[in-house]
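# Structural overview for review
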Amino acid sequence: MTASTSALLTASGLHKTYGSTPALAGADFVIHPGEVVAVMGPSGSGKSTLLHCLAGIVPPDSGTVHYRGKELSALSDARRSALRRADFGFVFQFGQLVPELTCTENVALPLRLVGVGRKEAESRATRWLERLEIDDVRHHRPGQMSGGQGQRVAIARALVGAPSVIFADEPTGALDSLNGERVMGLLTDAARETRAAVVLVTHESRVAAYSDREVIVRDGRARDMAGAV
Amino acid sequence: MTGATSAPAGPLDGPSAPEAAPEAAPEAHWLRRWVADLAMGARFALGGGREGWTRTVLTSAGVGLGVAVLLLATSVPHMLGARESRDQARENHGATETEKSDRSALYTYTDTEYRGSDVRGRTLQPEGSDPPVPPGLSELPGPGEMAVSPALKELLDSADGELLRERLPGRITATIADEGLLDPVELTYYAGSDQLTHGGAVFRVDKFAEVSEPAPIPALLLLLIIVICVVLLLPVAAFVGAAVRFGGDRRDRRLAALRLVGADSRMTKRVAAGEAATGSLLGLAVGAAIFLPLRQLLGEVNLWGIGTFPADVRPSAGLVVLIAFGVPVGAVLVSLLALRGVIIEPLGVVRNAGVRRRRLWWRLLPLVAGLALLVPLLDGLETGQTSVETYQIAAGVTLVLIGVNALLPWLVESAARRLRGGGLSVQLAVRRLQLDSGTASRAVSGITVAVAGAVALQMLFSAVVDDQQRHTGQSPERAEMLVTVPATAQLSEPEVTAGLAETRGVKQVFGQTTGYAVRADQNPDDGAVDSVTVADCATLRELAKMGSCENGDVFVTERSPQEEPESVTGAKPGAEVNLAMPDYSRPEGKQQREPVLWKVPEDARTVKGRTDPMGVASEGILATPAALDVSRMPGASVDVYVRTDDGVADAKEFVRNTAAAVGPTATAISLKATSTTAQFRAVERGLYAGATGILLLIGASMVVSTLEQLRERKRLLSVLVAFGTRRSTLAWSVLWQTALPVLVGLALAAVAGVGLGTVLLRMSALPFAVDWGNLAGVTVLGGLLVVLVAVVSMPALWRLMRPDGLRTE
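Read on for a plain summary of the structure. Everything numeric in this text was worked out from a predicted model, so none of it was measured.

### Side note on the overall build of chain B
- Helix and strand content of chain B: 19 helices and 20 strands.
- Looking at chain B as a whole, 45% of its 809 residues are labelled buried.
- When contacts within chain B are restricted to residue pairs at least 6 apart in sequence, those whose partners lie at least 24 apart make up 83%.

### Overview of unusual backbone geometry
Residue and element names in this part refer to chain A.
- Of note, the phi angle at R195 is positive, near 60°, even though the residue is not glycine.
- If you trace the backbone, R195 turns up in the loop between helix 6 (177–193) and strand 8 (197–201).
- Even without being a glycine, D219 presents a positive backbone phi close to 55°.
- Relative to the helices and strands, D219 resides in the loop between strand 9 (213–218) and strand 10 (221–224).
- Residue classification places D219 among the partly exposed positions, given that 14 C-beta atoms sit within 10 Å.

### What to know about the sheet that holds strand 9 of chain A
Residue and element names in this part refer to chain A.
- Pairing in this open sheet of six strands is mixed, and the strands run 6-7-8-3-9-10 from one edge to the other. Pairing within the sheet leaves two strands with one partner each, and these edge strands are strand 6 (88–91) and strand 10. Sheet twist, expressed as the mean angle between neighbouring strand axes with direction ignored, is 20°.
- As paired elements, strand 3 (residues 36–40) and strand 9 share four bridges and run parallel to each other. Counterpart to V37 in the pairing with strand 9 is R213.

### Re the nonpolar core
- Among the nonpolar cores identified, the biggest contains 188 residues, and V39, L50 and V199 of chain A are the most heavily contacted of them.
- Those residues in contact with V199 of chain A, other than ones at most four positions away along the chain, are I31, V37, V39, L51, L54, V165, F167 and A168 of chain A.
- One finds L543, V577, I621 and M633 of chain B within the second-largest nonpolar core, a separate group that totals 29 residues.

### Regarding the interface of chain B and chain A
- Taken together, the 21 residues of chain B in the interface contact 26 residues of chain A.
- Looking at the side of chain B that touches chain A residue by residue, the classes come out as nine nonpolar, five polar and seven charged.

### Details of the environment of V596 of chain B
Residue and element names in this part refer to chain B.
- Take V596: it is sitting in the loop between strand 15 (576–578) and strand 16 (597–599).
- Accessibility expressed as a C-beta count within 10 Å gives 17 for V596, which makes it partly exposed.
- Separated by 15 residues in the primary sequence, V596 and M581 have C-alpha atoms spaced 8.9 Å apart.

### Side note on the environment of E413 of chain B
Residues and elements named next belong to chain B.
- Within the element layout of this structure, E413 appears in helix 10 (residues 390–418).
- Overall, E413 belongs to the buried group, with 23 C-beta atoms counted inside 10 Å.
- As for E413 and L435, which are separated by 22 residues in sequence, their C-alpha atoms are 9.0 Å apart.
- E413 has contacts with R358 and S437, leaving out every residue within four places of it along the chain.

Cut-offs and rules
- Residues numbered from 1 in each chain as written.
- Chains lettered and ligands numbered in written order.
- Predicted model: local features only at pLDDT ≥ 70, side-chain atom pairs only at ≥ 80, totals over all residues.
- Helix = DSSP H or I, 4+ residues; strand = E, 2+ residues; numbered from the N terminus.
- Buried ≥ 20, exposed ≤ 12 C-beta atoms within 10 Å, placed from the backbone.
- Contact = placed C-beta atoms within 7 Å.
- Pairing = 2+ DSSP bridges.
- Axes fitted to C-alpha atoms, helices over the stretch in contact; angles between N-to-C directions.
- Core = buried A, V, L, I, M, F, W, Y, C linked by C-beta atoms within 7 Å.
- Nonpolar A, V, L, I, M, F, W, Y, C, P; charged D, E, K, R; others polar.

The structure is reproduced here in structure tokens:
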């Protein structure tokens, strides 16, 4: 598969094995700017591994990932890290906020990583916290707030750097359905507003409902339910 | 019969009401509950799966290491005592004279030095068929034979000992057994002789065993030993305390799971106590398991010429019992204290019970109490005696150092709270410390105590330079060695000088014959004694400032106001003197000699005396050989100053060999600008060895804490890396996180150390002096430890930053 000119991120023929356990066995994937794609599948099907490969966190054993036409596996670890800092945002299920930093500092973290000064970074972080209606806990540490609030902080952190792609791995997995809905609404609204693509790994249909398109991963292979892949 | 048969009761029989609820179990006796909870804790420790095992292994290894050090420390008194008693058992300094008999032997010291190592030597000559035999030997070596220690034998048999072999040519016929040695690395020998004559330095003995009272430990030295023990053992206690907390986070999660199934808060505490007690009891076993082989290993160690026999490394029974009870009890208390800061909730959530500010007031109490104990002693100790208020000082120093320990977490917290700015790595580190500085402070507290104590000791060491490590007044730049041959050797100065001059590596020699005289009209017993030195002009110039000098000249030195008045001295031109002083070297006591009269020439010139290379002011009569025949000076000894060639390796050893060839009573000493008493040297060495060990121990504790903390944050580290955090940022953050508490700790240690040192100096009536160089050295050592800990943690940090941490399936 060749990278489509309009595609933001494409993957083709990805293979990845952990020890003797195959996680991906020839998975393909494509996402366009501003698009929200839900990656679904049962536990152990390889969804998270696909996300990690797409984000350049884990190198595939074989196959290619192209971002804006550049092949990720051809980049050094440092360049891939720089790319993740500048162009990608992440939301995980849990354990993602630095416990000793306040909410503002957590949200400001990606900006500080790309060299934005502390004041400016925290000011931009505060704006995102206000937008996601959690500015009342901006001085709290992660241990001092609820799971839903924590997830919104994580979304703010994913969006603060104006990324092109947001990778969300089970972002509502640790939340009740009401909070899950609110978090998904905030995430997809903000992403569409900023034209950020979202790769949304989930096993919940109600979460996948927020996406434009669904990709099912089974036995390490990805099948586009819209027939695009 | 009723006609009705009763069927056996079945499960469907009975009341038609719903199944009765099970009866509540009767409330168990509190003791039984406690035992059950403690046992559950023990089960968690021993059978809690990989996680439980990891924590137990970490705790028991840490406690075991600490226990091994404690056992080693409690063995020190026995180690020193055993050395001392063996030393006493093999010596006889001739304090009690004995008659010549079948059971007597002549005995003299023939100590030497070889390439910086002391070699103890004794030469023996039996006077009958049943002479005394020193411990470690079955019989005395015969003439031309030697009995040597195993270490000396090994040296003499090796190529390294070739030069020493020339000095000790006797045939080795026996090896001294352990009971005759201080330690396995001691270099010592007994040589047999038939050339000794009783008198002078040759004693007659009929037994071995030191009869003189051992010298009491000087007050200053005792003070040093107390402080060293406190300084070295407190960090070990701190280390054991830290080891008990290893894996605490995981333990808390496990306890949370217990609460979910109905355990109350008290029960979880008892379970935690059981777990801690089990870990520490295993630690005791591990400690014993480390100690026993370590004990054997110590037999092989040669630390600056000091070793020990494994059998001497025996902890005192009382202290062993104290350790056996104290460590588990302490472990339980520490565990319970650690639980104060967390709330364990049934929903599997463990939250810190809020960030409580540490209180200062109680942390100052031990410091104040310690100073209160020390201040009354500020008027001074009686130096040279052991009448020191030992317990008061020990308690005072201990409390001050405990106070420093208690103050540190408050200081680190205060410092962390005030820190602002800095890069991301600094921010991560500072925020971490603001959230919980206790772990870091605990790890650092050992260093703080060690450094504070070391600084105080350094100050004391520096100050006692004038007291114990005094300037000798010797001038090694004028002569590196002095060879002395007593009169009993029956050798003339020119013979000795010639032999030394021909020795390899000798540049220059100055020989002199030294005797004494009194004015002829005075009683030799109570007259004013003048020294009489006979030497060539070159040598005399080393002793006095003189213009012309020819063989046949005689000089007298100017008299200082402190000396005998000129009216009574014989050291003046024209005076008649008696050169035959009583012989004090006779074993039977002082013996008068026939007077030998000599007149100081009328033309003897008065010159200004100089100090000789040994630092002794030259005075009296200085004569050239043609003016005074040395054969007229009974009892005169020969002294030869030797300058050696620095370019010739082992030049001093060649000189010693030549001196040894002169006879067993000839001595060759190296001149040194300073001398340190052996006791102080041993204490100083012990301090450095101990401090190094302690720092390494603390370093190990810090590494474990850091790794544990990193493991706990595996997922977070992976997430941070996922969104592009540079690995170097996280690495620096780890370094800052370790460095900040250490910096605060070192600053506190410097202040506390100087303060404690000042108190100790005042107590010892010594002037205030800080060796800033040493202070910097100790703090740099602490800093290096931080870097070492960070570097050792890096591989684990790199490993934990891999994306594996993101996987949940």
